[in-house]
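# Results of the structural survey
Single-letter residue listing:
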Amino acid sequence: MVSVHDVFPRYRDGALRASGYEAISIVELNHPFDIKFEDVLAFCVPYGITSAEASAVHASLNSVSLSEHARTRHIGLSTVQQQLKSALAKMGLQTQKKLFRAFERYRNMGASRKDIRWTRE
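The shown structure was predicted, so the numbers you read here are calculated from the model rather than taken from an experiment.

## Structural notes on the confidence of the model for the protein
Taken over all residues, the pLDDT of the protein has a mean of 83, while the share at 70 or more is 83%. A low-confidence stretch, residues 111–121 stays under pLDDT 50, and its non-local contacts, those more than four residues away or across chains, total 12 contacts.

Set out below in structure tokens:
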């Protein structure tokens, strides 16, 4: 998937205007789910998310069902659901879909500076 984003949109005369600076993101879709826990933990730390909550986030990002995650951790499903709900609230996210987007943006921001090209129209 290729996405183009206006980097510095501005409001002028009460309307949103394009700045002319664009960033292009290229994201591989249908990638294998092998997101490392350490990467998820680094993503979660600034929000004050506990390691148990980060574990629920990790399971969600790897498309592991919450019931399977609860079974492997030997805890109740309601506990895992509450941990994920708490983590989402701390991040200011309402849905798991927004969690996926936020994590993808986080990973994209980790790209080296040489991979970012600025253009002016």
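## Overview of the side chain of S60
Tracing the backbone through its elements, the reader meets S60 in helix α2 (residues 51–61). A polar atom in the side chain of S60 sits 2.9 Å from the side chain of Q96. With residues up to four places along the chain from it excluded, the contact list for S60 reads L84, Q96, L99 and F100.

## Considerations on the side chain of N62
As for its position among the elements, N62 is in the loop between α2 and α3 (66–73). Overall, the relative accessible area of 12% leaves N62 in the buried class. Only 3.0 Å separates the side chain of N62 from the side chain of H58, close enough to count as a polar contact.

## What to know about the pattern of salt bridges
In this structure the tally under the stated criterion is 3 salt bridges. Across the pair R71 and E68 runs a salt bridge, and its minimum N-O distance is 2.6 Å. On the criterion of helical spacing, the pair formed by R71 and E68 is a turn pair, its members being 3 residues apart in helix α3. Between R107 and E104 there is a salt bridge, with its nearest N and O atoms 3.4 Å apart. Taken together, the residues R107 and E104, both in helix α5 (residues 96–109) and 3 residues apart, mark about one turn of the helix.

## Some thoughts on the packing of α2 against α5
Between α2 and α5, the least distance of the axes is 10 Å, while the angle of their chain directions is 90 degrees. The angle between α2 and α5 places the two elements in the roughly perpendicular class. Here α2 contributes V57, S60 and L61 to the contact with α5, which in turn contributes Q96, L99, F100 and F103. Split into classes, the residues belonging to the contact of α2 with α5 amount to 5 nonpolar, 2 polar and no charged.

Cut-off values and rules
- Residues numbered from 1 in each chain as written.
- Predicted model: local features only at pLDDT ≥ 70, side-chain atom pairs only at ≥ 80, totals over all residues.
- Heavy atoms only, no water.
- pLDDT = per-residue confidence, 0-100.
- Contact = heavy atoms within 4.5 Å.
- Helix = DSSP H or I, 4+ residues; strand = E, 2+ residues; numbered from the N terminus.
- Polar contact = N/O pair within 3.5 Å; in protein donor to acceptor, adjacent residues only side chain to side chain.
- Buried < 20%, exposed > 50% of the residue type's maximum accessible area, 1.4 Å probe, protein only.
- Salt bridge = Lys/Arg side-chain N within 4 Å of Asp/Glu carboxyl O.
- Axes fitted to C-alpha atoms, helices over the stretch in contact; angles between N-to-C directions.
- Parallel < 35°, antiparallel > 145°, perpendicular 65-115°, else oblique.
- Nonpolar A, V, L, I, M, F, W, Y, C, P; charged D, E, K, R; others polar.

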